[in-house]
There are 2 protein chains.
Amino acid sequence: MDKISKPYVIGLDMGGTNSVFGIVDARGEIIGQTAIKTQGYPDVKDYVKAGVEALQPVIDVAGGIGKIKGMGIGAPNANYYTGNIEYAANLVWKGIVPMAKLFQDALGVPVAMTNDANAAAMGEMTYGVARGMKNFIMITLGTGVGSGIVINGQVVYGCDGFAGELGHVTMDRSENGRLCGCGRKGCLEAYCSATGVARTARELLEKTDRPSLLRELNPKDITSLDVSIAAGKGDALAKEVYEFTGKMLGEACADFAAFSSPEAFVFFGGLTKAGDLLMKPLKKSYEEHVLGIFKGHAKLLVSGLKGSEAAVLGASALGWEI
Amino acid sequence: MDKISKPYVIGLDMGGTNSVFGIVDARGEIIGQTAIKTQGYPDVKDYVKAGVEALQPVIDVAGGIGKIKGMGIGAPNANYYTGNIEYAANLVWKGIVPMAKLFQDALGVPVAMTNDANAAAMGEMTYGVARGMKNFIMITLGTGVGSGIVINGQVVYGCDGFAGELGHVTMDRSENGRLCGCGRKGCLEAYCSATGVARTARELLEKTDRPSLLRELNPKDITSLDVSIAAGKGDALAKEVYEFTGKMLGEACADFAAFSSPEAFVFFGGLTKAGDLLMKPLKKSYEEHVLGIFKGHAKLLVSGLKGSEAAVLGASALGWEI
């Protein structure tokens, strides 16, 4: 009933640089979109005011605020339970910011907020390849490795709102474990993120004198995209980088299966553009490493949501739940 | 209301050798108990018949079957979703056994079934140290390492009923990873179970010629209890075995926190009898290894349920939920 009288939700994808707002219908169509600069407002109240002003014409097109069921925000260091952003290193506002409440007061609709990876999981469950699934794990492979875990149809937030940091499980406990951005050693993120892929490439180039198209580049400038392009041209060393990455990600997912035995893993983000270069070794490694009783149970899927829309869609999906 | 008109549940702890039945009230008091030999009945129908016959006098004491809300069974390879025992290596019945339905038909009360570790988690949540907790992880440290994961107040069963096999996450990915009973290498269970502790002791004795009380024993016969006793007498090598075990368990739990950020870990089983020998290095290692945002959030607790009663209590706790 509610989806008839209030057929839309607002999604806000809040990044360090840009904040993208979209109004979304129940099928995941973005019927209107707008954006403001996140960095442009040292006072968070000005930020919220500017956001609501930018949104107003789009809300009018949707038929007014009365047609909006709720708003969802995907933001760094967002705590679902409190609706606060807590000590986000990449945002201009320091300390604890009650972002959900600020938008709720300004718009007059209920607002929920979570981090990007949890929002992505909500997006897949509401509009994407995980539609209808009650148990799956979303893995986002971008600059870092994020995750959103869905169990019994609910995103797992844990006792404090911060559950689902699978980028920081330890894959290499030896002294050689790579230093991670979190200050610990051997985290999955240090290997299977875009920066991890570039690092693996640099390491392989340094350790050996094998020929590679990547030698034409300044090692410091190599990106995961360069590695993917070189691999696409048949470069053996570049292929090996993705094989290593897929293999490690498969081992990690095999451990995750022992936790929640999901129906699927859904991968999203820049690295998935490498396609089979990543997914083939990933699937092979997963089935090789997963405990016998789980073999063949989980699908390994790539998100079907358009990269440019996925973050807004994911955030908006929260708006239906409140 | 129901706990007034139907104040009791039946718990069945089904082991390979013995099957212990108890009738339990809402405070976790076992008001009556009985047992049969699991192995004594090659036909499962005879087993159920014998169980119900043995139970009858205890049910009569409770005021008749009308006072029983339901029955819970903790059994190896039990699938919560189907109520079947599936291919249990340690039981006399082969293939798939519809155990929950057999007892339900024989007793006329609803019956639910799960594996031992999940039942233990239910027991802690209903009668034990996890009372009132919505998010915790139960770790059972016996011959093997089992786990029961509670999220949002529900045991996690996953897509297939088999979630929560944390004894089989991989702790050592190197070629030196210990062979586990599951056929894979480097599993937590191969290090942090009772058999793992004995193995660590044997390895340390073999690798070095350090003095130890354990050298008086035939290496093959060393048990985790021997190690614990020697450590209690101040034996440095034996202490080191528990330090190694606690350290590794702490590292594993740090990874588990990244998954579901529990309010507590509850440890149960033979190994916990070592007390601080295990718990001190475990707590230290956990806080050292857990991701910054989770530091200080989870309690590390030892089950308060009596070992002899815990399995029946855990199983019985399922009976309240159905």
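None of these values were measured; they are calculated from a predicted model.

**Overview of the overall build of chain A**
Of regular secondary structure, chain A possesses ten helices and 13 strands. Here the C-alpha atoms of chain A give a radius of gyration of 20 Å, agreeing with the 20 Å that 2.2 N^0.38 yields for 322 residues. A buried classification covers 57% of the 322 residues belonging to chain A. Put simply, chain A shows about 13200 Å² of open surface, and 52% of that area lies on carbon and sulfur atoms. Measuring between centres, the 32 positive side-chain charges of chain A sit 2 Å from its 34 negative side-chain charges.

**Remarks on the interface of chain B and chain A**
At the interface, 37 residues of chain B touch 37 residues of chain A. Both faces combined, the contact of chain B with chain A buries some 3200 Å², and carbon together with sulfur accounts for 57% of it. Our enumeration of links across chain B and chain A arrives at four salt bridges. Between A:Arg173 and B:Glu251 there is a salt bridge, with the nearest N and O atoms lying 2.9 Å from each other. Summed over the shared surface of chain B and chain A, the result is 24 residue pairs in polar contact (both at pLDDT 80 or more).

**Quick word on the packing of helix H7 (residues 224-232) of chain B against helix H8 (residues 236-260) of chain B**
Each pair of packed helices can be summarised by the angle the axes make with each other and by the distance between the axes. All names here are of chain B. Axis separation between H7 and H8 bottoms out at 7 Å; the angle between their running directions is 120°. Comparing their axes, H8 and H7 come out oblique. At the point where H7 passes H8, the crossing takes the left-handed sense. Note on element contacts: H8 touches H7 through Ala238, Lys239, Val241 and Tyr242, opposite Ser224, Val227, Ser228, Ala230 and Ala231. Residues belonging to the contact of H7 with H8 are distributed by class as follows: six nonpolar, two polar and one charged.

**A word on the pattern of salt bridges**
Applying the stated criterion to the full structure yields 18 salt bridges over all chains. Between A:Arg178 and A:Glu203 there is a salt bridge, with its nearest N and O atoms 3.2 Å apart. Pair noted here: A:Arg178 is in the loop between strand E11 (154-155) and helix H5 (189-192) and A:Glu203 is in helix H6 (residues 194-207), with a separation of 25 residues, a long-range link. On the accessibility criterion, A:Glu203 (29% relative accessible area) is partly exposed. A:Glu240 is the salt-bridge partner of A:Arg210, the closest N and O atoms lying 2.8 Å from each other. In this pair, A:Arg210 is assigned in the loop between H6 and helix H7 (224-232) and A:Glu240 in helix H8 (residues 236-260), connecting sequence segments 30 residues apart. Several salt bridges converge on common partners, so that one network encompasses A:Arg173, B:Lys247, B:Glu251 and B:Asp255.

**Quick word on the side chain of A:Asp160**
Locating A:Asp160 in the fold gives a position in the loop between E11 and H5. No salt bridge forms around the buried A:Asp160; measuring N to O, its nearest opposite-charge neighbour B:Lys299 is 12 Å away. There is a polar contact of 3.0 Å between the side chain of A:Asp160 and the backbone nitrogen of A:Phe162. When residues no more than four places from it in sequence are discounted, the contact partners of A:Asp160 are A:Asn79, A:Tyr81, B:Ser261, B:Ile293, B:Phe294 and B:His297.

**A few points about the relation of the copies chain B and chain A**
Of the two same-sequence chains, chain B is brought onto chain A (RMSD 0.0 Å, axial shift 0.0 Å) by a rotation of 180°. What we have between these two chains is a two-fold relation. Mapped onto chain A, 100% of the interface residues of chain B again fall at the interface, so both copies present the same surface.

**A few points about the nonpolar core**
In summary, soluble globular proteins display a tendency toward joint burial of nonpolar side chains. Counting 107 residues, the largest nonpolar core has A:Phe256 and B:Phe256 as the members making the most contacts within it. A:Leu12, A:Tyr47, A:Val52 and A:Met113 belong to the second-largest nonpolar core, a separate cluster that totals 34 residues.

**Observations concerning unusual backbone geometry**
Residue and element names in this part refer to chain B. One non-glycine residue, Asn77, lies in the positive phi region at around 55°. Mapped onto the elements of the fold, Asn77 is located in the loop between strand E4 (68-74) and strand E5 (78-79). Its identity is not glycine, yet Asn152 carries a phi of approximately 50°, on the positive side.

**Some remarks on the sheet that holds strand E2 (residues 18-25) of chain A**
Residues and elements named next belong to chain A. Reading across the sheet, the five strands line up as E3-E2-E1-E4-E8 and stay open at both edges, with mixed pairing between neighbours. One side of each edge strand has no neighbouring strand; the edge strands of this open sheet are strand E3 (30-37) and strand E8 (111-114). For this sheet the average axis-to-axis angle between neighbouring strands, irrespective of direction, equals 20°. Inspection of the sheet shows strand E1 (residues 8-14) paired to strand E4 (residues 68-74) by six bridges, in the parallel sense. Looking at E4, one finds that Leu12 is bridged to Ile73. Sheet strands in contact with helix H2 (residues 44-61) are E1, E2 and E3, and its direction is about 155° off that of E3. Running at roughly 155° to E8, helix H3 (residues 99-107) makes contact with E1, E2, E4 and E8 of the sheet.

**Some details on the sheet that holds strand E13 (residues 299-302) of chain B**
Within a sheet, each strand pairs with its neighbour through backbone hydrogen bonds, oriented either parallel or antiparallel. All names here are of chain B. One open sheet accounts for five strands, arranged E11-E10-E9-E12-E13; its pairing is mixed. Strand pairing shows two members of the sheet lacking a second neighbour, strand E11 (154-155) and E13, which therefore form its edges. The pairing of strand E9 (residues 136-141) with strand E10 (residues 145-151) spans six bridges and is classified as antiparallel. Considered in E10, the bridge of Ile139 is made with Ser147. The strands touched by H8 within the sheet are E9, E10 and strand E12 (264-268), with E12 carrying the most contacts at an inclination of about 135°.

**Points about helix H6 (residues 194-207) of chain B**
Residues and elements named next belong to chain B. Here H6 spans 20 Å end to end across 14 residues, near enough to the 20 Å set by a 1.5 Å rise per residue. Taken together, the buried positions of H6 are Ala194, Gly196, Val197, Ala198, Thr200, Ala201, Leu204 and Leu205. If you follow the buried residues of H6, they end up packed against helix H5 (189-192), H7 and H8.

Conventions and cut-offs
- Residues numbered from 1 in each chain as written.
- Chains lettered and ligands numbered in written order.
- Predicted model: local features only at pLDDT ≥ 70, side-chain atom pairs only at ≥ 80, totals over all residues.
- Heavy atoms only, no water.
- Helix = DSSP H or I, 4+ residues; strand = E, 2+ residues; numbered from the N terminus.
- Rg over C-alpha atoms; globule rule 2.2 N^0.38 Å.
- Buried < 20%, exposed > 50% of the residue type's maximum accessible area, 1.4 Å probe, protein only.
- Areas by Shrake-Rupley, 256 points an atom, 1.4 Å probe, with all protein chains shown as cover.
- Lys, Arg positive; Asp, Glu negative; His and termini not counted.
- Charge placed at Lys NZ, Arg CZ, Asp CG, Glu CD.
- Contact = heavy atoms within 4.5 Å.
- Buried area = accessible area lost by both parts, 1.4 Å probe.
- Salt bridge = Lys/Arg side-chain N within 4 Å of Asp/Glu carboxyl O.
- Polar contact = N/O pair within 3.5 Å; in protein donor to acceptor, adjacent residues only side chain to side chain.
- Axes fitted to C-alpha atoms, helices over the stretch in contact; angles between N-to-C directions.
- Parallel < 35°, antiparallel > 145°, perpendicular 65-115°, else oblique.
- Left-handed = near helix turned anticlockwise from the far one by under 90°.
- Nonpolar A, V, L, I, M, F, W, Y, C, P; charged D, E, K, R; others polar.
- Least-squares fit on C-alpha atoms with pLDDT ≥ 70 in both.
- Core = buried A, V, L, I, M, F, W, Y, C linked by side-chain atoms within 4.5 Å.
- Pairing = 2+ DSSP bridges.
- Expected span 1.5 Å × (residues − 1).

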